[in-house]
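Fold and geometry: a report
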Amino acid sequence: MERIENIGFGDLKLIQDPDQFCYGVDAVILADFTAKLNPDMQKAMDLGTGNGIIPFILSHKNKTVSVIGVDLQKQAIELAEKSCKINKLEDRISFINTDVIKLADESDMFFDTVTCNPPYFIKGGAIPSSNEAKFIARHETSAGAEDFIRTAAHLLKRKGHFFMVHRPSRLADLFYYCRKHGLEPKDMRLVVPKPGQEPNIVLIHCIKGGGKELNVMKELPVYDEDGNYSEEIQRIYERV
């Protein structure tokens, strides 16, 4: 059943359906990571947009950027389009229901920024869930990590910015694919559940045609020792 949630960020509202994949902290920190490292973006595309959470947050953090969200799942795009109307952002945000693989071959659009929160688990790496929408959101069923990266490289202008959130266990593959397709890793930030624990999320920033130098940023803890959101996460959600 669909529900309208007030997610903050300037009173943004988002329609979600618990039977589909709902956004998590990884999407929020990716949007913040993007806005902080590339505050002057003007034209962005979000690959694997789901219900559109990243385009909506980017539109709040940058009042002039226009964003196109792309997703394979028609139901997710329909929810995103409804949210867009509720927030009166149709002049700045739009959505496309298509496969990322097709987009790389067919699109003649170019962007200064591409964001990507792809399925984390490799194709064939898990038993299919009874909930197809959630399984597709979490697992590579059509496009894999390299397909998302290749599409991003195709869509970006020279010196354009690519931002991705993924799992640290895929880092070797991700860096290899990025360089293979001309996206040079420039910044990396590991995200840990709590201080002192092993990272379970990684944020990556690449520049198309950039120089070879990687900046490893201070790790980001999601929770503090008491199990509450950390101070930085509270700031990212604009709650303090």
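The rules behind the values
Residues numbered from 1 in each chain as written. Predicted model: local features only at pLDDT ≥ 70, side-chain atom pairs only at ≥ 80, totals over all residues. Heavy atoms only, no water. Helix = DSSP H or I, 4+ residues; strand = E, 2+ residues; numbered from the N terminus. Buried < 20%, exposed > 50% of the residue type's maximum accessible area, 1.4 Å probe, protein only. Contact = heavy atoms within 4.5 Å. Lys, Arg positive; Asp, Glu negative; His and termini not counted. Charge placed at Lys NZ, Arg CZ, Asp CG, Glu CD. Expected span 1.5 Å × (residues − 1). Pairing = 2+ DSSP bridges. Right-handed = clockwise from strand over helix to strand, strands pointing away. Axes fitted to C-alpha atoms, helices over the stretch in contact; angles between N-to-C directions. Left-handed = near helix turned anticlockwise from the far one by under 90°. Nonpolar A, V, L, I, M, F, W, Y, C, P; charged D, E, K, R; others polar. Core = buried A, V, L, I, M, F, W, Y, C linked by side-chain atoms within 4.5 Å. pLDDT = per-residue confidence, 0-100. Phe/Tyr/Trp six-rings, centres within 6.5 Å; stacked < 30°, edge-to-face > 60°. Lys NZ or Arg CZ within 6 Å of the ring centre and 35° of its normal.

Here we look at the overall build of the protein chain
Counting its secondary structure elements, the protein chain contains eight helices and eleven strands. A total of 240 residues make up the protein chain; the buried ones form 51% of that total. Considering only residue pairs separated by 6 or more positions, the protein chain has 70% of its internal contacts joining residues 24 or more positions apart. Considering the protein chain, the positive charge centre built from 31 side chains and the negative charge centre built from 35 side chains are found 3 Å apart.

Observations regarding helix α1 (residues 25-37)
The first and last C-alpha atoms of α1 sit 18 Å apart over 13 residues, in line with the 18 Å expected at 1.5 Å per residue. For α1, a buried count of eleven out of 13 residues is recorded, marking the element as mostly surrounded by other parts of the structure. Turning to α1, its buried residues number three or more, namely V25, D26, A27, V28, I29, L30, A31, D32, F33, T34 and A35.

Notes on the pairing of strand β3 (residues 43-47)
Most of β3 is tucked away, with four of its five residues classed as buried. As paired elements, β3 and strand β4 (residues 66-71) share five bridges and run parallel to each other. In the sheet register, A44 faces β4, and the bridge partner there is V67. The parallel pair β3 and β4 is bridged by helix α2 (residues 53-61), and the resulting crossover is right-handed. Two strands pair when backbone bridges link them, and β3 and strand β6 (residues 111-116) are joined in this way by four bridges, in the parallel orientation. Within the sheet, the bridge partner assigned to L47 lies in β6 and is C116.

Regarding the packing of α1 against α2
α2 packs onto α1 with a crossing angle of 40° between their chain directions and a minimal axis gap of 9 Å. Classified by chirality, the crossing of α2 by α1 is right-handed. Contacts from A27, V28, L30, A31, D32, T34 and A35 in α1 reach I53, I54, I57, L58 and K61 in α2. For the contact of α1 with α2, the residue count by class is nine nonpolar, one polar and two charged.

Section: the nonpolar core
With 38 residues, the main nonpolar core has I29 and F56 as its most contacted residues. Elements supplying a minimum of two residues to this core: β2 (12-16), α1, α2, α3 (74-86), β5 (93-97), β7 (156-166), β9 (201-208) and α8 (231-236). Considering each element in turn, this core owes the most residues, eight residues, to α1. Contacts of F56, omitting those with residues within four sequence positions, involve L12, L14, N51, A80, S83, C84, N87, L89, I93 and F95. Counting residues in hydrophobic clusters, the runner-up holds 28 residues, among them A152, M164, L174 and V202.

Things to note about unusual backbone geometry
Glycine aside, the phi torsion of most residues is negative, and most peptide linkages are trans. One non-glycine residue, K88, lies in positive phi territory at about 55°. Among the structural elements, K88 can be located in the loop between α3 and β5.

Topic: the side chain of S59
Looking at where S59 falls in the secondary structure, it is placed in helix α2. Residue S59 is classed as buried on the basis of its relative accessible area, which comes to 3%. Beyond its immediate sequence surroundings of up to four residues, S59 is in contact with V65, L89, R92 and I93.

Quick word on the packing of helix α6 (residues 145-155) against helix α7 (residues 171-180)
Across the interface, α6 lies against α7 with an axial gap of 9 Å and an inter-helix angle of 30°. Considering only the axes of α6 and α7, their crossing is right-handed. Mapping the contact onto sequence places A145, E146 and I149 in α6 and L174, Y177, C178 and K180 in α7. Residue composition of the contact of α6 with α7, grouped by class: five nonpolar, no polar and two charged.

Regarding the confidence of the model for the protein chain
Segments scoring low in pLDDT should not have their predicted coordinates read at a detailed level. Across the protein chain, pLDDT averages 91, with 91% of residues at or above 70. Here residues 131-140 is a poorly scored stretch, pLDDT under 50, and it has 32 contacts once near neighbours within four places are set aside; other chains count.

What about the packing of aromatic side chains?
One pass over the structure, following the stated rule, counts six aromatic pairs. Stacked on the ring of F111, the Lys or Arg K43 has its end atom at 5.1 Å from the ring centre. In this structure, R239 packs its charged tip against the face of Y237, placed 4.4 Å from the ring centre.

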